[in-house]
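# Close look at the chain arrangement
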Amino acid sequence: MWTDNLGDCSEEKRERFHPNITCMKAGHQGMLEWLNSLYKKHGPVFRIWFGKDLMVFFSDPEDVRQILSNNKLLKKSKSYEIAEIWLGKGLLTSANEAWQRRRKLLTPAFHFRILGEFKEPMEDNCQILISKLREKANGEQFDIYPYITLFALDAISETAMGIKKNAQMQSESEYVKAVQTICRVLHKRLFSFWHRFDLIYRFTDAYKESIEALKVLHGETNRMIKLRRQMLQDTNIHNMADAEKTDDVGGKRRLAFLDMLLISQLEGGGLTDLEIREEVDTFLFEGHDTTSSAMGFCIYLLSQHEDIQHRAYEEAVAMQGREKETMRYLEAVIKETLRIYPSVPSYSRKTQEDLQIGNITVPKGVAVSVLAYMVHRDENSYPEPEKFNPERFLANDKELHPFAFVAFSAGPRNCIGQKFAMLELKLALSSLLRSYELLPVKDFVPNPLAELVMKSGNGIQIRMRPRK
Ligand code: HEM
């Protein structure tokens with residue numbers, strides 16, 4: 001048993017843990033660069049102390065397999081508790097039976113058959129994006145990221161929540177700004193020794209900022225729930241059987257994810273009001289921030305690689321209207337983007353007992369973290385890892401280790417919105433490619449920041465021209 005003081009970091013204890021594992025203090029600025037340098041120095045396993053908390057990072061696909069497929073390793077690490085102020089005990093942060101119950105209830109809402117119903121509102125929002133971008137398609141440099149986030153927010157609000165938000169019609173969104181604030185503040189708290197103490201944190205400006213942001217975030221989710229509940233009342237829907245009947249004009253009713261939660265509650269077996277709000281907060285955040293990040297980096301990479309863009313464009317033209325089907329090339333482009341820029345660069349679990357991973361025994365109560373950012377840079381799986389080459393996912397898909405690509409995590413706690421995200425990305429990127437040529441901006445390189453979701457600190461600078 002490993003029973004030492006976690007705050008201590010003596011050479012002797014390091015040896016007992018693993019000869020390669022290092023002892024570090026956190027609070028670093030360029031987090032990804034720092035993790036990258038630790039990986040280069042120590043190999044695919046290393047440890048970091050955050051104050052008295054120990055985190056062990058893994059990047060070898062075989063170790064990752066052992067972590068993500070372990071049914072006894074489903075509890076998220078302590079770092080997720082920081083997000084509970086916003087997301088409560090929603091699907092992302094919850095554990096044990098509470099998580100199991102919610103996952104079972106929420107999974108059918110993201111079944112692929114239901115996703116088909118989301119295609120139309122997603123397409124409508126793609127059209128708004130295309131028309132909004134028209135003013136920028138003049139060959140001049142601009143940052144496309146704000147357009148993308150508003151699009152992604154509209155897409156998740158209209159499909160999953162059944163609320164037409166029209167964020168794209170405004171130049172900026174209070175909700176998006178509040179998400180940016182809370183992500184920044186929570187991330188800072190995660191890596192600041194002093195901010196971890198509640199008593200100290202409550203006297204900081206960051207705390208005041210987070211309270212203001214939470215007012216906006218929870219205000220918006222409460223508003224959405226109220227609106228949708230009213231709609232169910234007005235249309236006399238009290239259970240699933242009512243919902244499945246045709247609407248007043250004989251059409252099939254489109255049920256949003258939120259409707260399913262509200263109807264299960266009416267039927268008596270669902271979530272409480274607070275639990276519903278936690279899920280709406282979780283899905284609104286996860287559903288727009290991660291996809292915006294992926295779309296932004298993908299647009300950047302396509303703008304830099306004319307040949308790849310051309311091939312994706314030809315497929316987009318050939319597959320117009322059939323984007324729900326396999327689009328082999330664009331799917332490979334999206335995966336290759338997520339390989340280089342995983343929207344969630346690392347995620348972690350807390351060990352409930354001593355655990356053997358590879359040749360290391362990780363003690364009970366420690367955070368084990370999958371460093372997707374480095375798993376995706378493993379030269380054995382991906383020769384020349386910094387090179388953007390979608391062919392990797394066309395040619396050797398089968399030869400690739402099944403845990404060498406973990407942008408959506410894997411195993412029982414994988415991303416529930418993966419199919420939703422792929423459909424949205426395929427629809428949006430193919431409409432964009434059919435409408436505009438994406439051109440590079442000389443010397444622009446994004447500056448990826450590992451906040452809760454990875455984003456480019458200097459935006460996504462591109463140039464665009466309408467297609468002839
Ligand atoms: C490119 C887009 C996306 C990426 C790369 C992504 C990635 C991930 C990853 C890595 C996890 C595991 C996180 C962890 O273990 O802490 C996760 C979980 C989750 N994702 Fe996604 N995600 C994406 C889009 C979405 C969308 C569109 C939704 C909702 C509509 C969504 C909802 C969730 C939820 C609720 C969880 C928690 C699942 C659980 O713990 O049971 N994600 N996602």
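Structure shown above.
First, a word on what this report is: a plain description of the structure on this page.

## What to know about the packing of aromatic side chains
According to the stated counting rule, one finds 10 aromatic pairs in the structure shown. A centroid spacing of 5.7 Å and a plane angle of 75 degrees characterise the contact between Phe-118 and Phe-420, whose relative ring orientation is edge-to-face. Within this pair, whereas Phe-118 is found in helix H6 (residues 112-133), its partner Phe-420 is found in helix H18 (residues 418-435), the two being separated by 302 residues in sequence. On the basis of relative accessible area, Phe-420 is assigned to the buried category, the value being 3%. For the ring pair Tyr-300 and Phe-444, a centre distance of 5.7 Å and an interplane angle of 85 degrees mean the geometry is edge-to-face. Placement of the pair is Tyr-300 in helix H13 (residues 273-304) and Phe-444 in the loop between strand E8 (436-439) and strand E9 (448-450), with a sequence separation of 144 residues. Residue Tyr-300 is classed as buried on the basis of its relative accessible area of 8%. Phe-444 gets classed as buried once you look at its relative accessible area, which sits at 9%. Ring-pair connections join several aromatic residues into one group, and the members of that group are Tyr-382, Phe-393 and Phe-405.

## Topic: the coordination of the iron atom of the ligand
Just one protein atom coordinates the iron atom of the ligand, and that atom is Cys-415 (SG), at 2.3 Å. Note on placement: Cys-415 falls in the loop between helix H17 (392-395) and H18.

## With respect to the site of the ligand
Taken together, 28 residues form the shell around the ligand, and within it Tyr-80, Trp-99, Arg-103, Arg-413 and Cys-415 come nearest. Measuring from an oxygen atom of the ligand, one finds a side-chain N or O atom of Trp-99 at 2.8 Å. Of all the elements, H13 adds the most residues to the shell around the ligand, at seven residues.

## Regarding the nonpolar core
Judged by nonpolar contacts, the single largest core of 128 residues is most densely connected at Trp-86 and Met-161. Among the elements that make up this core, the one with the highest residue count is H13 (13 residues). Excluding residues that lie within four positions of it along the chain, Met-161 makes contacts with Ile-156, Met-224, Arg-228, Ala-256, Phe-257, Leu-258, Val-280, Phe-283 and Leu-284. Counting 23 residues, the second-largest nonpolar core is a separate cluster that includes Val-56, Tyr-80, Val-366 and Val-368.

## As for unusual backbone geometry
Unlike most non-glycine residues, Asn-166 shows phi in positive territory, near 55 degrees. Mapped onto the elements, Asn-166 comes out in the loop between helix H7 (145-160) and helix H8 (174-191). What makes Asn-166 partly exposed here is its relative accessible area of 31%. Despite not being glycine, Asp-443 shows a phi value in the positive range, around 70 degrees.

## Concerning the packing of H13 against helix H15 (residues 328-340)
The N-to-C vectors of H13 and H15 enclose an angle of 105 degrees; their axes lie 9 Å apart at closest approach. Between H13 and H15, the angle falls in the class roughly perpendicular. Mapping the contact onto sequence places Ala-294, Phe-297, Cys-298, Leu-301 and Leu-302 in H13 and Val-333, Thr-337 and Leu-338 in H15. Among the residues forming the contact of H13 with H15, the class breakdown is seven nonpolar, one polar and no charged.

## Notes on the side chain of Asn-36
Examined against the element boundaries, Asn-36 turns out to sit in helix H2 (residues 31-42). Exposure remark for Asn-36: the relative accessible area of 16% places this residue in the buried category.

## What about H7?
Here H7 is 16 residues long and its end C-alpha atoms lie 22 Å apart, about the 22 Å a rise of 1.5 Å per residue gives. With 15 of 16 residues buried, H7 lies mostly within the body of the structure. Positive phi appears at Gly-162, one or two residues downstream of H7, with a value of about 75 degrees.

## Examining a nonpolar patch on the surface
A contiguous nonpolar patch, built from Phe-193, Trp-194, Phe-197, Leu-199, Ile-200 and Phe-203 and spanning about 730 Å² of accessible area, is present on the exposed surface. Following the sequence through the fold, Phe-203 ends up in the loop between helix H9 (198-201) and helix H10 (205-234). Owing to a relative accessible area of 69%, Phe-203 belongs among the exposed residues under this scheme.

## What about the sheet that holds strand E3 (residues 142-143)?
The antiparallel open sheet is built from three strands, whose spatial order is E3-E11-E8. In the strand order of this sheet, the two ends are held by E3 and E8, each with one partner. Pairing of E8 with strand E11 (residues 461-466) involves four bridges; the strand directions are antiparallel. Looking at the pairing, Tyr-436 lines up with Pro-466 of E11. Contacting E8 and E11, H13 runs over the sheet at an angle of about 80 degrees to E8. Packing of H18 onto the sheet brings it into contact with E8 and E11, and relative to E8 it is tilted by some 95 degrees.

## Quick look at H18
With 18 residues, H18 should reach 26 Å at 1.5 Å per residue; the first-to-last C-alpha distance of 26 Å fits that figure. Among the 18 residues of H18, 15 are classified as buried, and the element is accordingly described as predominantly covered.

## Let's talk about the pattern of salt bridges
As enumerated under the stated definition, the model contains 28 salt bridges in all. The shortest N-O distance in the salt bridge between Lys-426 and Glu-331 comes to 2.8 Å. With Lys-426 in helix H18 and Glu-331 in helix H15, the pair connects residues that are 95 residues apart, well separated along the chain. A single salt-bridge network, built from bridges that share partners, covers Arg-101, Arg-102, Glu-275, Glu-278 and Glu-279.

## Section: the packing of H13 against H18
The N-to-C vectors of H13 and H18 enclose an angle of 40 degrees; their axes lie 10 Å apart at closest approach. Classed by the angle they form, the pair H13 and H18 counts as oblique. Considering only the axes of H13 and H18, their crossing is right-handed. Note on element contacts: H18 touches H13 through Ala-421, Glu-424, Leu-425, Ala-428, Leu-429, Leu-432 and Leu-433, opposite Gly-287, Thr-291, Ala-294, Met-295, Cys-298, Ile-299 and Leu-302.

## Remarks on the sheet that holds strand E2 (residues 53-58)
If you walk across this open sheet you meet the four strands as E1-E2-E7-E4, and the pairing is mixed. With one partner strand each, in any of the chains shown, strand E1 (45-50) and strand E4 (347-350) form the two edges of the open sheet. The sheet shows a mean angle of 25 degrees between the axes of neighbouring strands, direction not considered. One ladder, built from four bridges, connects E4 with strand E7 (residues 367-370); its direction is antiparallel.

Cut-off values and rules
- Starting from 1, residues in each chain are numbered consecutively following that chain's sequence as written.
- Selection of residues for local features in this predicted model requires a pLDDT of at least 70, selection of side-chain atom pairs for listing and counting requires 80 or more, and totals for whole chains, interfaces and linings are taken over all residues.
- Remark: hydrogens and water are excluded; side-chain values derive from all non-hydrogen atoms of the structure.
- Only centres within 6.5 Å qualify two rings of Phe, Tyr or Trp (six-membered ring in Trp) as a pair; their planes then separate them into stacked at under 30 degrees, edge-to-face at over 60, and tilted for everything else.
- Working definition: helices are DSSP H or I runs of at least four residues, strands are E runs of at least two. Numbering for both runs from the N terminus.
- For every residue, the accessible area obtained with a 1.4 Å probe (protein chains only) is divided by the maximum for its type, and the residue is called buried under 20%, exposed over 50%, and partly exposed between those limits.
- Sites may look incomplete, because water is not among the atoms used; the donor set itself consists of N, O and S atoms within 2.8 Å of the metal (3.2 Å for Na, K and Ca).
- Nearness here has a simple test: a residue counts as near a molecule or strand if at least one of its heavy atoms is within 4 Å of that partner.
- The term polar contact refers here to a pair of N or O atoms within 3.5 Å; inside protein, the definition further demands a hydrogen-donor-capable atom paired with an acceptor-capable atom, and it admits residues adjacent in sequence only when both atoms are side-chain atoms.
- For the purposes of this section, nonpolar cores are sets of buried Ala, Val, Leu, Ile, Met, Phe, Trp, Tyr and Cys residues that join through side-chain atoms within 4.5 Å.
- Contact between two residues is taken to exist if any of their heavy atoms lie within 4.5 Å; hydrogens are not considered.
- To get an axis, a line is fitted to the C-alpha atoms, and for a helix only the part in contact is used. The angle between two axes follows their N-to-C directions and goes from 0 to 180 degrees.
- These descriptions rest on fixed angle ranges, namely under 35 degrees for roughly parallel, over 145 for roughly antiparallel, 65 to 115 for roughly perpendicular, and the rest for oblique.
- Only Asp, Glu, Lys and Arg are considered charged in this grouping, and only Ala, Val, Leu, Ile, Met, Phe, Trp, Tyr, Cys and Pro are considered nonpolar; every other residue, Gly among them, is considered polar.
- Each helix should span, by expectation, one fewer than its residue count multiplied by 1.5 Å.
- What goes into a patch is any residue over 30% in relative accessible area without a salt bridge, connected to like charges within 9 Å or, for nonpolar side chains (Val, Leu, Ile, Met, Phe, Trp, Tyr), within 5 Å.
- Methods summary: accessible areas were calculated by the Shrake-Rupley approach with a probe of 1.4 Å, and residue burial reflects only the protein chains presented.
- Salt bridges are defined as contacts in which a side-chain nitrogen from Lys or Arg sits within 4 Å of a carboxyl oxygen from Asp or Glu.
- Pairing between strands requires that DSSP locate at least two bridges from one strand to the other.
- The hand of a helix crossing depends on one turn: near helix anticlockwise from the far one by less than a right angle means left-handed, and clockwise means right-handed.

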